[in-house]
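Chain by chain, the residues run as shown.
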Amino acid sequence: MADEEARDGVRLTNLDQPLFDGAQATKRDLVDYLDAVSDVLLPHLRDRPLSVIRALRGQRPFMQKNLPKYAPESVPRVTWFAESVGHDVTYALCNDRPTLLWFANQRAVEYHVTLLRAPDWPHPTHLVLDLDPPEGGGFAAAVAAARLVREVLAEVGMTATVKTSGAKGVHVFAPVTGADVEAVAAATRAVAARAEQLDPALATTAFIREDRGGKVFLDATRSGGATVVSVYSPRLRPGTTVSFPVAWDDLDNVSPADFTMRTAPDLLAAGDLWAAGLPAPQPLDPGLVEQGRTIPIARVAAMHEGKRRARARRAAEADG
């Protein structure tokens, strides 16, 4: 089998190289997978500023936000201020099959998108909770935390759907409409806080890892310009798992390892399971927004707390 070929005008090279350690896949497998699911993946990438994690041979994987200067002119792009780096970034918009194939040839394994679509920057499309079990914690704990989030949303008349993160956690997505970035961010914090209160022995909103006490972290920071791994994106994990939608009733019967680049295409033979399961966009509950505005932004609070602890350590060392 030739190590090079072309698809849709995109030259694909070194296809038989291993993808990454533990992938159990080659670069060809990545290309074939992304091509096979392009019809269902591209609608979820479309017009969303894209960050990718690339796995180049002989290098540690790295996240790439800025579209490289050598990218073909045909790749759609948008320049947008990125708070995480403090300056404008030229992001790719992966809107078509040639662009997706070009990224595959760049060994882009993971596809992370914002919750905003160009050019409607003020209005997020989803409220998202990223539920991360503790080190050594199982998927079942993340599932239990997801049900807490679902209960909180149901109490205010909102509905959501869920997908595996492709790693060890779970993402809960609630489509929203008519709300700006600040309101969605506030509501997300409130949902996390209420879910923590339902079962504080299971879940925590503590942003500082050492404060989590072996609990599931309810990450409420996926708002504004923050990114989340796209549904159907491969992950840099053993077996090249894939972020995949799961029906609420099926969560107890699956594992993240069930969804890989090898298994996902057959599971998608009937079409886009994620789109089929998403509820219609819904207005935010005003009570959530009001409560969330009283909750400190996690990253900012953690930064101040980190500085306070550092000062305390230095003072203790000086006294000692």
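Before reading on, note that the structure itself is shown above.
No experiment lies behind these values; they were computed from the predicted model shown.

Caption draft 1: Looking closely at the overall build of the protein chain. When helices and strands are tallied, the protein chain shows nine helices and 14 strands. For a compact globule of 320 residues, the expected C-alpha radius of gyration is about 20 Å, and the protein chain comes in at 20 Å, within 12% of that figure. If you line up the protein chain on its principal axes, its C-alpha atoms span 65 × 50 × 40 Å. When the 320 residues of the protein chain are sorted by exposure, 52% land in the buried category.

Caption draft 2: Looking closely at the pairing of strand E12 (residues 216–219). With burial as the criterion, each face of E12 is covered, one bearing Val216 and Leu218 and the other bearing Phe217 and Asp219. Sheet topology places strand E11 (residues 203–204) next to E12; two bridges connect them, and they run parallel. Looking across to E12, one finds that Thr204 is bridged to Phe217.

Caption draft 3: A look at the nonpolar core. Membership of the largest hydrophobic core comes to 89 residues, with the highest contact counts inside it found for Phe103, Val172 and Leu284. Not counting residues up to four positions away in its chain, the partners in contact with Leu284 are Leu127, Met158, Val176, Ala179, Ala183, Val184, Ala187 and Val289. Of all hydrophobic cores here, the second largest spans seven residues; its members include Val78, Trp80, Tyr91 and Leu116.

Caption draft 4: The environment of Thr240, seen in detail. For Thr240, the location among the structural elements is in the loop between strand E13 (227–229) and strand E14 (245–246). A relative accessible area of 1% means that Thr240 is categorised as buried. When the C-alpha atoms of Thr240 and Asp29 are compared, they prove to be 10.0 Å apart, with 211 residues separating the residues in sequence. Ignoring sequence-local partners within four residues, the contact set of Thr240 consists of Leu19, Phe20, Ala23, Ala25, Pro234, Arg235, Thr260 and Met261.

Caption draft 5: How the structure looks around the packing of aromatic side chains. Considering all chains together, one arrives at nine aromatic pairs under this definition. Arranged with centres 6.0 Å apart and planes meeting at 55 degrees, the rings of Trp80 and Tyr91 form a pair that is tilted. Placement of the pair is Trp80 in strand E5 (residues 77–82) and Tyr91 in strand E6 (residues 87–92), with a sequence separation of eleven residues. Take Trp80: its relative accessible area is 15%, and that puts it in the buried class. By way of ring pairs, the aromatic residues Tyr70, Trp102, Phe103 and Tyr111 are connected into one cluster. The ring of Phe217 carries Arg212 above its face, with NZ or CZ at 3.8 Å from the centroid.

Caption draft 6: Broad picture of the pattern of salt bridges. In total, this model carries 15 salt bridges according to the counting rule given. One salt bridge connects Glu5 with Arg7, and the closest N-O pair in it is separated by 2.7 Å. Using a relative accessible area of 28% as the deciding quantity, one classes Glu5 as partly exposed. A salt bridge links Arg28 to Asp16; the shortest N-O distance between them is 3.1 Å. Taken together, the residues Arg28 in helix H1 (residues 27–36) and Asp16 in the loop between strand E2 (10–12) and H1 connect sequence positions twelve residues apart. By relative accessible area, Arg28 is classed as buried at 8%. Accessibility expressed as a relative area gives 39% for Asp16, which makes it partly exposed. It is possible to trace a salt-bridge network through shared partners that takes in Glu5, Arg7, Asp8, Asp16, Arg28, Asp32, Asp35 and Arg97.

Caption draft 7: Representation of helix H5 (residues 181–198) in the model. Taking 1.5 Å of rise per residue, the 18 residues of H5 would be expected to cover 26 Å, and the 26 Å separating its terminal C-alpha atoms lies within 8% of that figure. All of the buried residues in H5 are Ala183, Val184, Ala185, Ala186, Ala187, Thr188, Arg189, Ala190, Val191, Ala192, Ala193 and Ala195. In the core, the buried residues of H5 are packed alongside strand E8 (126–132), helix H4 (139–155), E12 and helix H8 (286–292). A side-chain oxygen of the first residue of H5 lies 3.3 Å from the backbone nitrogen of Glu182; this N-cap is Asp180.

Caption draft 8: Examining the environment of Val181 more closely. As for its position among the elements, Val181 is in helix H5. Between the C-alpha atoms of Val181 and Ala220, which are 39 residues apart in sequence, the distance is 13 Å. Apart from residues lying up to four places away in sequence, Val181 is in contact with Leu116, Trp121, Pro122, Pro124 and Gly224.

Caption draft 9: Representation of the side chain of Arg212. Tracing the chain through its elements places Arg212 in the loop between E11 and E12. The buried charged residue Arg212 lacks any salt bridge, with Asp132 as its nearest oppositely charged partner at 4.5 Å. Once residues lying within four places of it in the same chain are set aside, the contact partners of Arg212 are Asp132, Thr204, Ala206, Phe207 and Phe217.

Caption draft 10: Structural context of the sheet that holds strand E10 (residues 170–175). Taken in spatial order, the six strands make up an open sheet running E11-E12-E8-E10-E9-E14, and their pairing is mixed. Two strands in the sheet have a free side with no partner beyond their single neighbour: E11 and E14. Examined bridge by bridge, E8 and E12 share three bridges and lie antiparallel to one another. Paired with Leu131 across the strands is Leu218, a residue of E12. Here H4 sits on the sheet and contacts E8, strand E9 (161–164), E10, E11 and E12; the angle it forms with E10, its principal contact strand, is near 20 degrees. Running over the sheet, H5 touches E8, E11 and E12 and is turned about 40 degrees from E8.

What counts, and at which threshold
Every chain is numbered independently, its residues counted from 1 as its sequence is written. With the structure being a predicted model, the display of local features is reserved for residues of pLDDT at least 70 and the display and counting of side-chain atom pairs for 80 or more, all residues being used for whole-chain, interface and lining totals. No hydrogens and no water enter the side-chain calculation; it runs on all heavy atoms of the structure. Helical segments are the DSSP runs of H or I of at least four residues, strand segments are the runs of E of at least two, and each set is numbered from the N terminus. With C-alpha atoms as the basis for the radius of gyration, the globule rule is written as 2.2 Å multiplied by the number of residues raised to the power 0.38. We call a residue buried when its accessible area falls under 20% of the maximum for its residue type, exposed when it is over 50%, and partly exposed in between, using a 1.4 Å probe and counting protein chains only. Pairing between two strands requires that DSSP report at least two bridges joining them. Residue types Ala, Val, Leu, Ile, Met, Phe, Trp, Tyr and Cys, when buried and joined through side-chain atoms within 4.5 Å, form a set referred to as a nonpolar core. Residue contacts are defined here by distance: any two heavy atoms, one from each residue, within 4.5 Å place the two residues in contact. The aromatic pairing rule takes the rings of Phe, Tyr and Trp, using the six-membered ring of Trp, and pairs them if the centres are within 6.5 Å, calling planes under 30 degrees apart stacked, those over 60 edge-to-face and the rest tilted. A positively charged side chain is recorded as over a ring if its NZ (Lys) or CZ (Arg) lies within 6 Å of the ring centre. The angle to the ring normal must also be within 35 degrees. Each reported salt bridge corresponds to a side-chain nitrogen of Lys or Arg within 4 Å of a carboxyl oxygen of Asp or Glu. The span expected for a helix works out to 1.5 Å for each residue beyond the first. Each polar contact in these results corresponds to two N or O atoms within 3.5 Å; when the atoms are within protein, one needs to be able to donate a hydrogen and the other to accept it, and residues that are neighboring in sequence are counted only if both atoms are side-chain atoms. In summary, the charge assignment counts Lys and Arg as positive and Asp and Glu as negative, without counting His or the chain termini. To get an axis, fit a line to the C-alpha atoms, keeping to the stretch in contact for a helix; angles then go from 0 to 180 degrees between the N-to-C directions.

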